[in-house]
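Examination of the molecular architecture
Chain by chain, the residues:
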Amino acid sequence: MRFASTWEARDVLDFTPVPPELVAEVSADTSIDRGGIFRHPTRFQRLRLEVTAEDVAGFGEGCSAAAG
């Protein structure tokens, strides 16, 4: 995975995947720049304590049952 820390940064940041334990709702914009990096940060909205990680579709798997 590739992440940028700032608008113009192209440095590689460390990435450590962890098992999902909590579900958080975020707002996100899918705009991508020419370098393939998301143009806008995601913003935390709230924890979804009524939803388990198993209820949420993985990346690229479509909509989750918790959406809405």
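This section reports on the structure supplied with the text. (Residues numbered from 1 in each chain as written. Predicted model: local features only at pLDDT ≥ 70, side-chain atom pairs only at ≥ 80, totals over all residues. Heavy atoms only, no water.)

Before going further, it helps to examine the overall build of the chain. Counting secondary structure elements, the chain contains zero helices and two strands. Long-range contacts, defined here as pairs at least 24 residues apart, represent 27% of the contacts in the chain between residues at least 6 apart. (Helix = DSSP H or I, 4+ residues; strand = E, 2+ residues; numbered from the N terminus. Contact = heavy atoms within 4.5 Å.)

A few words on a nonpolar patch on the surface. Together, Leu22, Val26, Phe44, Leu47 and Leu49 make up a nonpolar patch on the protein surface, roughly 540 Å² of accessible area in all. Here leucine 22 lies in the segment before strand 1 (24-27). (Patch = residues over 30% accessible without salt bridge, like charges linked within 9 Å, V, L, I, M, F, W, Y side chains within 5 Å. Areas by Shrake-Rupley, 256 points an atom, 1.4 Å probe, with all protein chains shown as cover. Salt bridge = Lys/Arg side-chain N within 4 Å of Asp/Glu carboxyl O.)

It is worth spelling out the pattern of salt bridges at this point. One pass over the full model with this rule turns up three salt bridges. The salt bridge partner of arginine 46 is glutamate 25, with a shortest N-O separation of 2.7 Å. Taken together, the residues arginine 46 in strand 2 (residues 43-47) and glutamate 25 in strand 1 connect sequence positions 21 residues apart. Taking the relative accessible area as the measure of exposure, arginine 46 reaches 40% and is therefore partly exposed. Connected through salt bridges with shared partners, the residues Glu25, Arg46, Arg48 and Glu50 form a single ionic network. (Buried < 20%, exposed > 50% of the residue type's maximum accessible area, 1.4 Å probe, protein only.)

Glancing now at the side chain of arginine 48. Take arginine 48: it is sitting in the segment after strand 2. On the basis of relative accessible area, arginine 48 is assigned to the buried category, the value being 13%.

So far we have only geometry, and geometry alone does not tell us how the molecule works.
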